[in-house]
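# Chains, contacts and geometry: an overview
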Amino acid sequence: MLNSLCNTLSGPITKASNAWQTISRHPTQTVRELRAGLDTEIRELPGGVQLMYVRDPQVMQQLAADRALDRGNGVTLLRSIFGQDAPFLMSHGKAHSRIAGEFNQHFSRSKIEALIPEIATRAVRSVDLMCEAAASAPETPVDLGDLVQRYLFDVGAFAITGRDVNLEDQVTVFRDGVDDLHREASMGKIALAAQCPSAAPYMAKDARRKAQQFRDAAGRQLLVEGAQSHETHDTFALKILKRHRIDAAGVTASTPLPEPALVEASMSLAASLFTTANMIERTLDHFQRHPSELRGLRTLIAQDFPDGAKSVTRLGGCPTLNTLLPILLAHTPVGVVARDVVKPTSFIDSDKQRRELRPGDAVVFDIEGMQNHLTPQLARDLADDPQSILSLFDKRHDADRPTFFVGWNQCPGRFLAVADSLLWLVESLSRLDFSPVEHDRPLERGIVNRLGGSSKATVRARPAPTGGPANSAIPMLEPARSVKRVVTQS
């Protein structure tokens, strides 16, 4: 009788335990502790709901292309913070398809490759400012997180508007808002908002206030500046204005602009800043922890980039980038991508078994784990000496490059993120030595994976590189080019 009672209670107890683990910690933490060797793990929750963790790129490709998986109630809290019209939170549909299509057009590989000289100029300018700070006060720490953000603001605003836009006064607003978001948007609150959407406006008030401030100031400035180039440039800012039937020729600093347009402009910039800054910071931290790798990389930079980033016109395969890119991707801040199941569907798992998914279920894709597992494939692709590093992020490489997700909601800013990260890292690592104020900064897993502690460091200029041997590969300078199974927890 006792055994019968225990068996009866074990199912509900396990489900309740799974539910508590789900709301008490972020899935980026949970997924790192799943049992090794499993491609897919399903956990049963109360109410007949399934939470599925996916670690197989082929399964991810199946499900990412399935319209039964979408951004649903799981992003209710984030929508209440950033706005219903934030492109990265929109559900599938005509509105999302149009915005995504326009973004993909203006941030395509060819568009970003054409911007590389502009991005390189901004990378050099950013590092110049750090060198000046180091020269004037060598013992005074600088905030690397702040300087990286300022560089990315500079590049992102130019990519959106086609013009130089001074958004320096919004850097602190943005960074404070990100801190508020990590502090306030717990998994418990996200789950509560998903079940009770009317509760969302009463949560994460500080993060929401900062997001609204950023929207109203940065969004307006992007659209106003973008309107000024309506006769000379076709930009994403102009596409936003046109979609909202606003005549760019008549836009001034005082022109009333609809909230959805402000959200689209500001959140398109924010999405890039949110992830790319953390990827750069984590890559810098990696080289601080591995000084021998840094020395080797600097030798390669001196050979491949004797003039730093300032003469770069394209990003072709070379020893420097072949070394740097895998490390950059291994430190992706996007640990997981989650999707809600909004209608019944099924998929074939890695054991060739069909699995059913029901509305209310949720799927968590282990982006970080899959990317690290596929590092050998990246090395093989780099060994093929690509004429463009950015070509490795075309859709034909989806199965091998999950860092930016796949399918309908693949990150349209991936080409810009890779280009501005590589150029800034090449320039900064070749010219500067960093000494962090706080060593061994902890990794905080959450909405994005980011470093905790202080981002301040003392900075010292390094001696100018002397360049490599005469036959060094310099592929970036035009016109030359270098020589399981499934376990179900019930």
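Look above for the structure.
Residues numbered from 1 in each chain as written. Predicted model: local features only at pLDDT ≥ 70, side-chain atom pairs only at ≥ 80, totals over all residues. Heavy atoms only, no water.

### A word on the sheet that holds strand β9 (residues 432–436)
Applicable threshold: Any two strands between which DSSP finds at least two bridges are classified as paired. The secondary structure listing takes helices from DSSP runs of H or I that are at least 4 residues long and strands from runs of E that are at least 2 residues long, numbered from the N terminus.
On the basis of which strands lie adjacent, the open sheet formed by 3 strands has the order β4-β12-β9 and antiparallel pairing. The strands lining the two open edges of the sheet, one partner per strand, are β4 (142–143) and β9. In this sheet, strand β12 (residues 456–461) lies alongside β9 in antiparallel orientation, the contact comprising 5 bridges. Counted as the bridge partner of Pro436 is Ala457 from β12.

### What to know about the packing of helix α7 (residues 144–161) against helix α17 (residues 414–431)
The relative placement of two packed helices is expressed as an angle between their axes plus a distance between the axes. The line we're drawing: Simply put, an axis is a line fit to the C-alpha atoms, just over the touching stretch for a helix, and the angle between two N-to-C directions goes from 0 to 180 degrees. In this scheme, roughly parallel covers angles under 35 degrees and roughly antiparallel covers those over 145, while 65 to 115 is roughly perpendicular and the rest are oblique. For any pair of crossing helices, the crossing counts as left-handed if the nearer helix is rotated counterclockwise from the farther one by less than a right angle, and right-handed if it is rotated clockwise. Contact definition: two residues touch when any of their heavy atoms are within 4.5 Å.
It is the contact of α7 with α17, at a shortest axis distance of 11 Å, that shows an interaxial angle of 135°. It follows that α7 is oblique to α17 by the angle criterion. Between α7 and α17 the crossing geometry is right-handed. Along the contact surface, α7 presents Val148, Tyr151, Leu152, Val155 and Ala159, while α17 presents Leu416, Asp420, Leu423 and Trp424.

### Some thoughts on the nonpolar core
Convention followed: Only buried residues count toward a nonpolar core. Its members are Ala, Val, Leu, Ile, Met, Phe, Trp, Tyr and Cys residues joined through side-chain atoms within 4.5 Å. Burial here depends on accessible area, computed with a 1.4 Å probe over protein chains only, as a share of the maximum for the residue type. Under 20% is buried, over 50% is exposed, and the range in between is partly exposed.
Core analysis: the largest hydrophobic core is formed by 115 residues, its most contacted members being Phe214, Leu325 and Leu423. In terms of residue count, helix α12 (residues 259–289) provides more of this core than any other element does, 14 residues in total. In contact with Leu423, not counting residues within four places along its chain, are Ile116, Ile119, Ala120, Ala123, Tyr151, Ala309, Val312 and Leu315. Judged by nonpolar contacts, the second largest core, of 19 residues, contains Met52, Ala68, Ile367 and Val406.

### Details of helix α5 (residues 94–106)
We count it as follows: In this scheme, a helix's expected span is set at 1.5 Å multiplied by one less than its residue total. In this context, the arc is that of the directions from the helix axis out to the C-beta atoms.
Taking 1.5 Å of rise per residue, the 13 residues of α5 would be expected to cover 18 Å, and the 19 Å separating its terminal C-alpha atoms lies within 8% of that figure. Within α5, the full set of buried residues consists of His96, Ile99, Ala100, Glu102, Phe103 and His106. All buried residues of α5 lie within an arc of 160° about the axis, which places them on one face of the element. In this structure, the buried residues of α5 make contact with α6 (109–136), α11 (236–243) and α12.

### Observations regarding the packing of helix α14 (residues 319–330) against α17
Worth spelling out the cut-off: Each residue gets one label: Ala, Val, Leu, Ile, Met, Phe, Trp, Tyr, Cys and Pro are nonpolar, Asp, Glu, Lys and Arg are charged, and the others, such as Gly, are polar.
At a minimum axis distance of 11 Å, the contact between α14 and α17 shows a crossing angle of 115°. The crossing of α14 and α17 is right-handed. Touching Thr320, Leu321, Leu324, Leu325 and Leu328 of α14 are Val418, Ser421, Leu422, Leu425 and Val426, all from α17. Counted by class, the contact of α14 with α17 contains 8 nonpolar, 2 polar and no charged residues.

### Comments concerning the environment of Pro138
Residue position: Pro138 is located in the loop between α6 and β4. Look at Pro138 and you get partly exposed, because its relative accessible area is 31%. In this structure, Pro138 is in contact with Ala133, Thr458, Val459 and Arg460, ignoring residues within four places of it in sequence.

### With respect to the pattern of salt bridges
Just so we agree on the cut-off: One side-chain nitrogen of Lys or Arg within 4 Å of one carboxyl oxygen of Asp or Glu is enough to make a salt bridge.
All told, the structure shown has 38 salt bridges when counted by the stated rule. Asp128 is paired through a salt bridge with Arg431; the nearest N and O atoms lie 2.8 Å apart. Separated by 303 residues along the polypeptide, Asp128 in helix α6 and Arg431 in helix α17 bring together distant segments of the chain. Looking at Asp128, the relative accessible area reads 30%, which means it is partly exposed. Glu184 is paired through a salt bridge with Arg183; the nearest N and O atoms lie 4.0 Å apart. Through salt bridges with shared partners, one network takes in Asp180, Arg183, Glu184, Asp206, Arg209 and Lys210.

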